[in-house]
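What follows is each chain in one-letter form.
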Amino acid sequence: MFGWWTRARRRRLIAKPAASNMRQYLSANLWQWSYLPDDVTERALDWLRIFAHEKYWEGCGGFDLKPHHPWLVAGQASLMTLAFPEWFFDGCRTLLIYPGDYVAPGITHMVNGQIGIHGDQPRSGQTSYRGPVILNWTAIYEAGRSSNDGHSLTVHELAHQLDFDNGPNSDGVPPLPKHVNAEQWQRDFQMQLDELRDRARIGYTGLVNDYGLTSSSELFAVSSELFFQLPHELAEHHPELCDLLLACYQLDWREWIV
Ligand SMILES: [Zn+2]
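Note that the coordinates shown come from a computational prediction; the quantities given were computed from them, not determined experimentally.

1. Considering the state of the cysteines
Under the defined criterion, the tally for this structure stands at zero disulfides. Looking at Cys60, it has no disulfide partner, and the nearest cysteine sulfur is the one in Cys92, 13 Å off. Cys248 takes part in no disulfide bond, and the closest cysteine sulfur, belonging to Cys242, lies 12 Å away.

Structure below.
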């Protein structure tokens with residue numbers, strides 16, 4: 001939990017007027033923004049100003065980071081926390097923004113409890129336990145402009161940060177509200193992964209891409225993207241999966257996005 005001083009500092013921050021062009025920028029560049037009810041917009045605005053202010057942002061690979069760039073990432077992140085206004089992805093302190101895809105040097109990460117090592121490879125984004133979130137601006141921007149066929153790199157990488165909330169293993173289990181039985185949720189989520197894999201083997205192509213089927217962690221990240229980018233389609237094609245995400249994010253986008 002935050003100390004009183006953190007709360008007081010945040011209160012002081014949001015008591016100051018927001019940058020004069022912030023609302024206009026978000027309306028123009030974050031497609032979900034205009035669907036939010038007015039009171040929710042104000043809540044999201046407060047949250048994203050704190051997130052943008054408290055994180056360390058750096059432009060990489062020649063990316064000329066301007067003050068408005070963090071607004072869009074923070075705006076996309078704010079949608080994930082509307083039911084949890086005091087969740088600020090505390091496991092991540094740094095966000096690195098590249099102009100486009102980048103080549104990641106050999107990386108080490110955990111896959112189902114095992115250490116996986118990969119050589120250099122082109123990447124769109126990545127994150128790790130207590131590590132930075134690395135994103136590329138082209139993907140951030142495209143997910144802000146439209147539902148983007150269900151893709152949102154920001155949501156994907158931050159969903160991994162939610163997954164890391166219970167430790168360094170990417171087990172696909174996010175923090176869940178107290179009234180949700182976490183063990184049951186995990187069993188049901190694994191069942192969804194098993195079913196989707198079975199269906200993929202017989203040629204069924206749903207909304208979840210192959211990458212989402214590689215692990216429960218990737219299924220959580222990919223289905224979170226769909227939850228925020230294509231909520232009606234996710235509910236139609238994968239109702240049980242959608243219900244599990246509803247239990248996590250505690251908010252039904254279908255009520256707002258029509
Ligand atoms: Zn991923």
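2. Considering helix α8 (residues 216–229)
Its 14 residues place the ends of α8 20 Å apart at the C-alpha level, agreeing with the 20 Å of an ideal helix rising 1.5 Å per residue. A large share of α8 lies buried, amounting to 14 of its 14 residues.

3. So, the pairing of strand β2 (residues 94–98)
As judged from the four bridges shared by strand β1 (residues 56–59) and β2, these two strands associate in the parallel manner. Within the sheet, the bridge partner assigned to Tyr56 lies in β2 and is Thr94. In this region the chain leaves β1, passes through helix α4 (residues 68–80) and returns to the parallel neighbour β2; the handedness of that crossover is left-handed. Where β2 lies against strand β8 (residues 133–136), four bridges are found, and the strand directions are parallel. For Tyr98, the partnering residue across the bridge sits in β8 and is Asn136.

4. Re helix α2 (residues 22–29)
Along α2, the residues that are buried comprise Met22, Tyr25, Leu26 and Asn29. Seen from one end, α2 has its buried residues packed into an arc of 95°, which puts them on one side. Buried residues along α2 sit in contact with α3 (38–54), α4 and α5 (137–145).

5. Section: the packing of α2 against α4
α4 packs onto α2 with a crossing angle of 60° between their chain directions and a minimal axis gap of 10 Å. The angle between α2 and α4 falls in the class oblique. The handedness of the crossing between α2 and α4 is right-handed. Contacts between α2 and α4 involve Met22, Tyr25, Leu26 and Asn29 from the first element and His68, Trp71, Leu72 and Gly75 from the second. Across the contact of α2 with α4, the residue classes tally to five nonpolar, three polar and no charged.

6. Re the sheet that holds strand β7 (residues 126–127)
Pairing is mixed in the open sheet, where four strands are placed in the order β1-β2-β8-β7. Only two strands of the sheet have a single partner each, and these edge strands are β1 and β7. Where α4 meets the sheet, its contacts fall on β1, β2 and β8, and the angle it forms with β1 comes to roughly 120°. Contacting β7 and β8, helix α6 (residues 153–163) crosses the sheet at an angle of about 170° to β8.

What counts, and where the lines are drawn
Residues numbered from 1 in each chain as written. Predicted model: local features only at pLDDT ≥ 70, side-chain atom pairs only at ≥ 80, totals over all residues. Heavy atoms only, no water. Disulfide = S-S within 2.5 Å. Helix = DSSP H or I, 4+ residues; strand = E, 2+ residues; numbered from the N terminus. Expected span 1.5 Å × (residues − 1). Buried < 20%, exposed > 50% of the residue type's maximum accessible area, 1.4 Å probe, protein only. Pairing = 2+ DSSP bridges. Right-handed = clockwise from strand over helix to strand, strands pointing away. Arc of directions from axis to C-beta. Contact = heavy atoms within 4.5 Å. Axes fitted to C-alpha atoms, helices over the stretch in contact; angles between N-to-C directions. Parallel < 35°, antiparallel > 145°, perpendicular 65-115°, else oblique. Left-handed = near helix turned anticlockwise from the far one by under 90°. Nonpolar A, V, L, I, M, F, W, Y, C, P; charged D, E, K, R; others polar.

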